[in-house]
Amino acid sequence: MGFMDAFFRRRSSGSTAKDRLKFVLVSDRANCSPETMEMIKNDIIAVISKYMEIDTQGLDIQITQTQSEGANGNVPALYANIPIKEVKFHQNKN
Amino acid sequence: MSEVIVITSGKGGVGKTTTTANLGTGLAMHGKNVVMIDTDIGLRNLDVVMGLENRIVYNLVDVVEGNCRIKQAMIKDKRHPNLFLLPSAQTRDKTSVSPEQMKKLVDELRDEFDYIILDCPAGIEQGFKNAIAGADRAIIVTTPEVSAIRDADRIIGLLQANELKKIELVVNRIRMDMVKRGDMMSVDDVLDILAIDLIGVVPDDESIVVATNEGEPLVGSDSEAGRAYENICRRLMGEQVDFMEFNTDGIFKKIIKLFKRGY
């Protein structure tokens, strides 16, 4: 790595490696492909949209690890952050 | 009380066999009765790393098939009389042995040895299943690379699915100078991702290549890797040993130091 590279390089390759690894492990661990994730995401949007208006751009769905309450350590968990624009309560009334 | 330890990694070429040879030798140097079993049928290598390739008469498959007794197949190490190697077969394949047969063999050895160390083949197929069948404890060897860590993660999942609870990590071939300038994942990065207990950090050290060339494990020798393996052995035996600080100097600083020493 040259002198100039040290200044102009945006980030180190070590942290790039770590981020790539984290991303690839999410799907490895859940045994779930990016295509499947996209399908899950679309289905969730469809279901939630029946009751409330959501911000599909700001939607974040991912599979992460979480500590289980049982003794079997880390388990995959579906994490979803769904920003709501407006709640359509009137649809629920009878 | 005997303990059966499997050395595994998923990915090939990360240092399983070198780790097995050094941990086996190191534990023997502490007076323990140790047997190392090469479970990589068809691609045997632990014999050459130990420098015992000329002494093989019978192998693991011979024992399992009943062509000889266990005692006849075990090779006594040339340096330590309490260290033995059970070599694998070179001309057979992984399906020659079943997990049940391996478990039975390992259990028979428990009476006589303090530590039974299994050198696992790369991959997650039959050879891996054979190696983990009788194990109480697993040591995962990985290097700070994306591919090796990904495979290690898969192996950890498979071990947990097989109810193997005691899983510890060796981060091998780390280069502190590269970590320092951000071009290699640090031990903390690796632990952050794999989330298992750390049992050792082995630096990338030329002495390993030299030791392997000569068929002499370097555990306990005056080299960074030698000291790192010695520390792992102590931790295996239950001692609390601090993780050592490695030389973080790059090649440039090393040269400057050499010159300084000259004055």
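No experiment lies behind these values; they were computed from the predicted model shown.

### A few points about the interface of chain A and chain B
Part 1 of the reasoning: In this assembly, 16 residues from chain A lie in contact with 14 residues from chain B.
Part 2 of the reasoning: Around 1,200 Å² of area is buried between chain A and chain B when both sides are counted, 57% of it from carbon and sulfur atoms.
Part 3 of the reasoning: Its largest share of buried area at the contact with chain B, chain A owes to Lys18, Leu21 and Arg29 of chain A, together 39% of the area lost on that side.
Part 4 of the reasoning: Taken together, the connections running from chain A to chain B amount to 3 salt bridges.
Part 5 of the reasoning: The partner of Lys18 of chain A in a salt bridge is Asp192 of chain B, with the nearest N and O atoms 2.8 Å apart.
Part 6 of the reasoning: Inspection of the region where chain A meets chain B yields 6 residue pairs in polar contact (both at pLDDT 80 or more).
Part 7 of the reasoning: In terms of residue count, the dominant contributor to the side of chain A that touches chain B is helix α2 (residues 13–30) of chain A (12 residues).
Part 8 of the reasoning: Among the residues forming the side of chain A that touches chain B, the class breakdown is 5 nonpolar, 5 polar and 6 charged.

### Topic: the nonpolar core
Part 1 of the reasoning: If you look at the biggest cluster of nonpolar residues, it comprises 56 residues, and the most contacted ones within it are Ile37, Leu109, Ile140, Leu159 and Leu194 of chain B.
Part 2 of the reasoning: Broken down by element, the residue count for this core peaks at 5 residues, all from helix α7 (residues 146–161) of chain B.
Part 3 of the reasoning: With sequence-adjacent residues up to four places away left out, Leu194 of chain B is seen in contact with Arg29 of chain A together with Thr142, Ile149, Ala152, Asp153, Ile156 and Leu169 of chain B.
Part 4 of the reasoning: Membership of the second largest hydrophobic core comes to 35 residues, among which are Leu27, Leu52, Ile117 and Tyr229 of chain B.

### Comments concerning the packing of α2 of chain A against helix α9 (residues 187–194) of chain B
Part 1 of the reasoning: For the pair α2 of chain A and α9 of chain B, interaxial distance at closest approach is 11 Å and the crossing angle is 15°. Our classification of the angle between α2 of chain A and α9 of chain B gives roughly parallel. Judged by the twist between their axes, the crossing of α2 of chain A over α9 of chain B is right-handed. Residue-level inspection shows Lys18, Leu21, Lys22, Leu25 and Arg29 of chain A of α2 of chain A in contact with α9 of chain B, the latter providing Asp189, Asp192, Ile193 and Leu194 of chain B.
Part 2 of the reasoning: Of the residues that constitute the contact of α2 of chain A with α9 of chain B, the class distribution is 4 nonpolar, no polar and 5 charged.

### Re empty space enclosed by the protein
All names here are of chain B.
Part 1 of the reasoning: Overall, the coordinates contain 2 cavities of 30 Å³ or more when judged by the stated rule.
Part 2 of the reasoning: Put simply, the largest cavity is a space of about 50 Å³.
Part 3 of the reasoning: Gly200, Val201, Ala228, Asn231, Ile232, Arg235, Phe243, Met244 and Phe246 are the residues that line the largest cavity.
Part 4 of the reasoning: Among the elements of the structure, β8 (197–203) and α11 (224–236) are those that each provide at least two residues to the lining of the largest cavity.
Part 5 of the reasoning: A per-element tally of the lining of the largest cavity places α11 first, with 4 residues.
Part 6 of the reasoning: For the lining of the largest cavity, a count of residues per class yields 6 nonpolar, 2 polar and 1 charged.
Part 7 of the reasoning: Of the voids in this model, the second largest cavity is the one considered here, and its volume is about 50 Å³.
Part 8 of the reasoning: Mapped onto the lining of the second largest cavity, the elements with two or more residues apiece are α1 (16–29) and α10 (206–214).
Part 9 of the reasoning: Class assignment of the residues belonging to the lining of the second largest cavity gives a composition of 6 nonpolar, 3 polar and 1 charged.

Calculation notes
Numbering of residues begins from 1 in every chain and follows the order in which that chain's sequence is written. The naming scheme follows written order: chains are lettered A onward, ligands numbered 1 onward. For this predicted model, a pLDDT threshold of at least 70 governs which residues receive local features, and a threshold of 80 or more governs which side-chain atom pairs are given and counted, while totals over whole chains, interfaces and linings are taken from all residues. Each side-chain value is derived from all of the structure's non-hydrogen atoms; neither hydrogens nor water enter the calculation. The contact rule is simple, with two residues in contact once any of their heavy atoms fall within 4.5 Å. As used here, buried area is the combined drop in accessible area, with a 1.4 Å probe, of two parts when they are placed together. We define a salt bridge as a contact between a side-chain nitrogen of Lys or Arg and a carboxyl oxygen of Asp or Glu at a distance within 4 Å. Within 3.5 Å is the distance limit for a polar contact, defined as a pair of N or O atoms, with the added protein rule that one can donate a hydrogen and the other accept it, and that residues adjacent in sequence qualify only through two side-chain atoms. The helix count covers DSSP runs of H or I at least four residues long, the strand count covers runs of E at least two residues long, and both are numbered beginning at the N terminus. Classification convention: Asp, Glu, Lys, Arg as charged; Ala, Val, Leu, Ile, Met, Phe, Trp, Tyr, Cys, Pro as nonpolar; all other residues, Gly among them, as polar. In these notes, a set of buried Ala, Val, Leu, Ile, Met, Phe, Trp, Tyr and Cys residues joined through side-chain atoms within 4.5 Å is what counts as a nonpolar core. The rule is simple: take the accessible area with a 1.4 Å probe, protein chains only, and divide by the maximum for that residue type; under 20% is buried, over 50% is exposed, in between is partly exposed. Lines fitted to C-alpha atoms define the axes, with helix axes restricted to the stretch in contact, and inter-axis angles between N-to-C directions lie between 0 and 180 degrees. Orientation is classified from the angle alone, with under 35 degrees giving roughly parallel, over 145 giving roughly antiparallel, 65 to 115 giving roughly perpendicular, and any other angle giving oblique. Each crossing gets its hand from how the near helix is turned against the far one by less than a right angle, where anticlockwise is left-handed and clockwise is right-handed. Cavity means a closed set of points on a 1 Å grid over the protein atoms alone, one where a 1.4 Å probe fits but cannot get out, pocket means an open set with protein on both sides within 12 Å along at least 5 of 7 lines, and lining means a residue has an atom within 4 Å of a point. Grid points are joined across faces, edges and corners, and a volume is the space filled by probe spheres set on the points.

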